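# What the coordinates show
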Amino acid sequence: GAVVLHLKHLGGETAPAVGPLAVGAVAALLSGLLALRLLVPLVKRGRLHWFAVYLVPAGIISLVLL
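Just so it is clear, the structure is predicted and the values come from calculations on it, not from any experiment.

### Considerations on the overall build of the protein chain
Tallying secondary structure elements over the protein chain gives three helices and zero strands in all. Put simply, the protein chain runs from its N terminus to its C terminus through helices and strands in the order α-α-α. Each of the 66 residues in the protein chain was classed as buried or not, and the buried ones make up 2%. Here the protein chain has roughly 5900 Å² of accessible surface; of this, 76% comes from carbon and sulfur atoms.

In structure tokens, the structure reads:
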């Protein structure tokens, strides 16, 4: 939403292409919905520890690559 509000302040030669912004927004929406679709059943069944099993290696890999 903030990007849409700030787009009107950009103009001239520095105006961003709307296509890539729209593709990025749709990709973020779809990945967020997919993550929620996978995570909500885990929470409802009380099996959130399986999500933690994924987060530990992901966190370690992120720290190593950082």
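Resuming the write-up.
### Remarks on a nonpolar patch on the surface
Residues V26, L29, L30, L33, L36 and V40 make up a contiguous nonpolar surface patch of roughly 550 Å² in combined accessible area. Within the fold, L30 resides in helix α2 (residues 18–44). Given a relative accessible area of 54%, L30 falls into the exposed group.

About the criteria used
Residues numbered from 1 in each chain as written. Predicted model: local features only at pLDDT ≥ 70, side-chain atom pairs only at ≥ 80, totals over all residues. Heavy atoms only, no water. Helix = DSSP H or I, 4+ residues; strand = E, 2+ residues; numbered from the N terminus. Buried < 20%, exposed > 50% of the residue type's maximum accessible area, 1.4 Å probe, protein only. Areas by Shrake-Rupley, 256 points an atom, 1.4 Å probe, with all protein chains shown as cover. Patch = residues over 30% accessible without salt bridge, like charges linked within 9 Å, V, L, I, M, F, W, Y side chains within 5 Å. Salt bridge = Lys/Arg side-chain N within 4 Å of Asp/Glu carboxyl O.

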